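Architecture and fold: a report
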Amino acid sequence: VKHSFKFKNTGSADLIIGDARGNCGCTVPKYPTQPIEPGESGEIEVIFNSVGKHGKQNKSVTLVTNCIPSTRLLTISGEVNPVSK
């Protein structure tokens, strides 16, 4: 499962995302490694591997940026249903 978090830098300086980490190995973020200039937009894609999971799932990604505060939390949630055979 993939979800894209789209954002716009509304600040007056470049936005730098120094790191992004999922709260488990099944949640993997892809984030821009280049600075996002003021007024520019970006996207953080989060991929969740649901293999072996079932029921309600709540996952998070912690971003480390040059903003104040320096950490931001992105969350995704959903229901993993068993595959019908």
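Here's what I pulled together on the structure shown here. Predicted model, so just to flag it, every value in this text is computed and none were measured. (Residues numbered from 1 in each chain as written. Predicted model: local features only at pLDDT ≥ 70, side-chain atom pairs only at ≥ 80, totals over all residues. Heavy atoms only, no water.)

Considering the sheet that holds strand β3 (residues 27-30)
To keep things clear, this is the line we draw: Following DSSP output, two strands are said to pair if at least two bridges run between them. Numbering of helices and strands runs from the N terminus; a helix is a DSSP stretch of H or I covering at least four residues, while a strand is a stretch of E covering at least two. Between N-to-C directions, angles span 0 to 180 degrees; the directions come from axes that are lines fitted to C-alpha atoms, helices contributing only their stretch in contact.
As summarised here, the arrangement of the 3 strands in space is β1-β4-β3, forming an open sheet in which the pairing is antiparallel. Looking at which strands have only one partner, the edges of the open sheet turn out to be β1 (2-8) and β3. On average, each strand axis in the sheet is tilted by 20° relative to the strand beside it, whichever way the strands run. Judged from the 7 bridges that link them, β1 and strand β4 (residues 41-48) form a sheet pairing that is antiparallel. Each bridged residue has a counterpart across the sheet, and for Ser4 the counterpart in β4 is Glu45.

Considerations on the pairing of strand β5 (residues 55-65)
Where strand β2 (residues 17-22) lies against β5, 5 bridges are found, and the strand directions are antiparallel. Pairing of Ala20 across the sheet is with Leu63, part of β5. With 10 bridges joining them, β5 and strand β6 (residues 71-80) adopt antiparallel strand pairing. Note on β6: the bridge partner recorded for Gln57 is Gly78. Between β5 and β6, which pair antiparallel and follow one another directly, the connecting turn spans 5 residues.

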